[in-house]
Every structure is written in structure tokens, then in C-alpha cells.
Amino acid sequence: MKKISELDALSITLYFICVTLIPMIAPHPWITAVSLVGSAVLVTLREPRGSLKVHLYVLLLFAVLTLVNPIISHKGETILFMVNDSPVTLESFLYGLNSAAALCSVVYWFYSFSKIMDSEKTLRVFGKVSPRAALVMSSALRYIPMIRSQYRKTKTAQKATGLYKDGNIIDLIKGNMRVLSSVISWALENGIVTADSMAARGCGSGRRTAFTSARFGRRDAVLCLITAVLSALCWTAAGFDKLDIAFYPKVRMSESSALGMAGITAYIILAVLPSAMETVVNVRWRYLVSKA
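A quick note: this is a predicted structure, and the numbers were derived from the prediction, not measured.

Q: Sorry if this is basic, but what is going on with the pattern of salt bridges here?
A: Proximity of charged atoms lets side chains of opposite charge pair with each other. Inspection of every chain in the model, using the stated rule, returns two salt bridges. Between glutamate 278 and lysine 3 there is a salt bridge, with its nearest N and O atoms 3.9 Å apart. One end of the pair, glutamate 278, is in helix α9 (residues 258-291); the other, lysine 3, is in the segment before α1 (9-25), with 275 residues separating them in the sequence. For lysine 3, a relative accessible area of 22% translates into the label partly exposed. Residue arginine 46 is joined to glutamate 278 by a salt bridge in which the shortest nitrogen-to-oxygen separation is 3.4 Å. Separated by 232 residues along the polypeptide, arginine 46 in helix α2 (residues 29-46) and glutamate 278 in helix α9 bring together distant segments of the chain. Here the salt bridges share partners, and the residues they tie into one network are Lys3, Arg46 and Glu278.

Printed below as a string of C-alpha cells:
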């Protein structure tokens, strides 16, 4: 077994599209909860030390989205308490909680996708469909870490020369604006140099070709098949309103049925699949290391 990051780009893209779209199509509480937990576990397994900052950002986003909805929306029959003569209802709170879980899970899934899909894999997926769009997307993904690195270098250099001060909020804002201006100028100049270099090499003058050593193998086909079958089961359950829920004016969920339970079970398997693959590979690796 391989990690999901070691598989072909097409199977990875298909998986992340399906696992992200299902909570949007069927915002059932079980689906959103499983999506949030599964995506968070995947981020933690892939980055055990660096995931804390991501979790803190997502937790802040989750809290804000959960609390904002009952403040701005006063729908629902069950009044919890009053704030400035405006009712805060249980239904609005539950709707905000469910929506926040769905949105935060999407953030987690896209974060993992951006870490797994590098520029080469992006070109491999979109290169045959639209080579120019794939090139633009690949270049954009490449510039994100470059800009972050340049921002840190510029900020460190200005601190060393005494131009950057963070003693008070005014100096901090001025310093950040100066660093941002320098980084934007660097990005524009670098973009011009890159464009001139590509034009000098004949980019766009003929049919674009690309070479890759990756091949669509048996494991990729198995992942695509599992993703398609589980996603089809979830979409079927959602299509027959077996994963339906209404929050206003009172919380009403679809009655429990075999098709609904099958859809939820299918999404549970789909959401935990990459984490299970990561865990199995890590356990096998540690076992082999201990035997060496």
C-alpha cells in the first residue's frame, strides 16, 4: 500500500473533488462531522509538528462562523436568550454550527490537496485538457512559497538595517507596508523576467509537450473505483432525500433508512481512507525499521 501522496495525480484529484463536494451537496450533520474529523486527522498525520498553527486558524474560523450566524439570523422557534431585544434561537445556532463544520472541513481538504499536488502533478492533470491554463496554475502554485520566502527575507533584512520597528502599532503597520511594497515590486519584476525568458525559449510558438515518468497503475485504478462507488452511493442517498435536513423553523431530519445509513457509512469510509493509508504505511515502515 502507498500513501495517497504517492499515487497518480488523476486519482488524487478525483478523490479530493468527491470528498469535498459531498458535504456541500448533502449537509447532513453526520456527513459534515465526519468530513471535519477526517480532514483534520489527515492534516495531523501528514504534518505532526506543523499542523498546530493550521488547527488554531481553523478553530478560530469555526468559532467565528458558529457565533456569527445566531447573531445575524433570528429564525427558528426555540429561543435561547435575548440580546438587545433580538432573540438568539437554537435553530440558528445549530445551522451555524453545521455550516461552520462543513466550511472548515473544506479548508482542511484544500490544505491537504495543496500540499499533495505540486506543480508537476497539476500539469499532469490539466496539461492535456488546457496546457496554457495548466501552465498558469502551476506557475501560481510555484509563486506562493516563493513570495512567502521573499517576504521573510525582506522583513529580516529591514530589521537588520533598523528600518523595521514593531514597538508600537503605527511602526508595525508602516514596516509591514514597506515590506509588502518591496515584495510586490519583486514579484512583478520576477514575473517580467520569467515571461521574457519563456518568450526567448519559444514558449507558445508551437504545440506544448510534457514528459512525466509517472504512470497510472493498478493502485490508482483501485482508488478511483473505490472513490466512484462510495461517492455514487452518497449522491444516490442525497438524491432520494435520505440525507436531508431542515433547520428552520424547526430542526427536521429525514427519517432513518437503509439507503441513508449506507450513504453515511460510504462517506465515513471515503473520508478516513487517506488517513488509513497513511497510518498503514507509517506502521509498516516503523516495523521494518525495528527489525533492521
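Now that the structure has been shown, we can carry on.
Q: Just to check I follow, could you spell out the packing of α2 against helix α3 (residues 51-72) for this structure?
A: Two measures define how a pair of helices packs: the angle their axes make with one another and the distance between the axes. Packing of α2 against α3 leaves a shortest axis separation of 9 Å and a crossing angle of 155°. Taken together, α2 and α3 sit at an angle that is classed as roughly antiparallel. α2 and α3 meet at a crossing whose hand is right-handed. On α3, the residues that touch Leu36, Ala40, Val43 and Thr44 of α2 are Ser51, Val54, His55 and Phe62.

Q: Explain the nonpolar core here, please?
A: For soluble globular proteins, the rule of thumb is that nonpolar side chains tend to be buried together. If you look at the biggest cluster of nonpolar residues, it comprises 29 residues, and the most contacted ones within it are Ile4, Phe16, Trp109 and Tyr267. Here this core takes seven residues from α9, the largest share from any one element. Beyond its immediate chain neighbours, meaning those up to four positions away, isoleucine 4 contacts Ile12, Tyr15, Phe16, Ile116, Leu223, Pro274, Met277 and Glu278. In this structure, Ala40, Val58, Cys104 and Tyr108 belong to the second largest nonpolar core, which totals six residues.

Q: Can you walk me through the pairing of strand β1 (residues 79-83) in this structure?
A: Strand residues, when the strand is regular, have side chains that alternate between the two faces of the sheet. Pairing between β1 and strand β2 (residues 86-89): four bridges, direction antiparallel. The residue bridging valine 83 from the neighbouring strand is serine 86, located in β2.

Q: I tried to follow the packing of aromatic side chains on my own but got confused; where do I start?
A: When we look at a pair of aromatic rings, we describe it by the centre distance and by the angle of the planes. Under the definition given, this model contains six aromatic pairs. Seen from their ring centres, phenylalanine 16 and tryptophan 109 are 6.2 Å apart, and the 75° between their planes marks the pair as edge-to-face. Taken together, the residues phenylalanine 16 in helix α1 and tryptophan 109 in helix α4 (residues 90-116) connect sequence positions 93 residues apart. We note that phenylalanine 16, like tryptophan 109, is buried. Residues phenylalanine 16 and phenylalanine 113 carry aromatic rings whose centres are separated by 5.4 Å and whose planes lie at 65° to one another, so their mutual orientation is edge-to-face.

Q: Is there a simple way to think about the side chain of histidine 28 in this case?
A: Within the secondary structure, histidine 28 is located in the loop between α1 and α2. For histidine 28, a relative accessible area of 5% puts it in the buried group. Separated by 3.1 Å, the side chain of histidine 28 and the backbone nitrogen of tryptophan 30 make a polar contact. In this view, histidine 28 contacts Asn98, Leu243, Asp244, Ile245, Met253 and Ile264; residues no more than four positions away in its chain are not counted.

Q: Help me understand the side chain of serine 39 in this model?
A: Tracing the chain through its elements places serine 39 in helix α2. The buried category is assigned to serine 39, whose relative accessible area is 0%. In this structure the side chain of serine 39 is engaged in a polar contact, spanning 2.7 Å, whose partner is the backbone oxygen of serine 35. Ignoring any residue separated from it by four or fewer positions in sequence, one finds serine 39 in contact with Ser105, Tyr108 and Trp109.

Q: How should I be thinking about the environment of alanine 237 in this particular structure?
A: Here alanine 237 lies in helix α8 (residues 218-239). A relative accessible area of 0% means that alanine 237 is categorised as buried. Taking the C-alpha atoms as reference, alanine 237 lies 5.7 Å from leucine 259; in sequence the two are 22 residues apart. Once you skip the residues sitting within four places of it in the chain, alanine 237 turns out to touch Lys242, Leu243, Leu259, Gly260 and Gly263.

Rules used throughout
Residues numbered from 1 in each chain as written. Predicted model: local features only at pLDDT ≥ 70, side-chain atom pairs only at ≥ 80, totals over all residues. Heavy atoms only, no water. Salt bridge = Lys/Arg side-chain N within 4 Å of Asp/Glu carboxyl O. Helix = DSSP H or I, 4+ residues; strand = E, 2+ residues; numbered from the N terminus. Buried < 20%, exposed > 50% of the residue type's maximum accessible area, 1.4 Å probe, protein only. Axes fitted to C-alpha atoms, helices over the stretch in contact; angles between N-to-C directions. Parallel < 35°, antiparallel > 145°, perpendicular 65-115°, else oblique. Left-handed = near helix turned anticlockwise from the far one by under 90°. Contact = heavy atoms within 4.5 Å. Core = buried A, V, L, I, M, F, W, Y, C linked by side-chain atoms within 4.5 Å. Pairing = 2+ DSSP bridges. Phe/Tyr/Trp six-rings, centres within 6.5 Å; stacked < 30°, edge-to-face > 60°. Polar contact = N/O pair within 3.5 Å; in protein donor to acceptor, adjacent residues only side chain to side chain.

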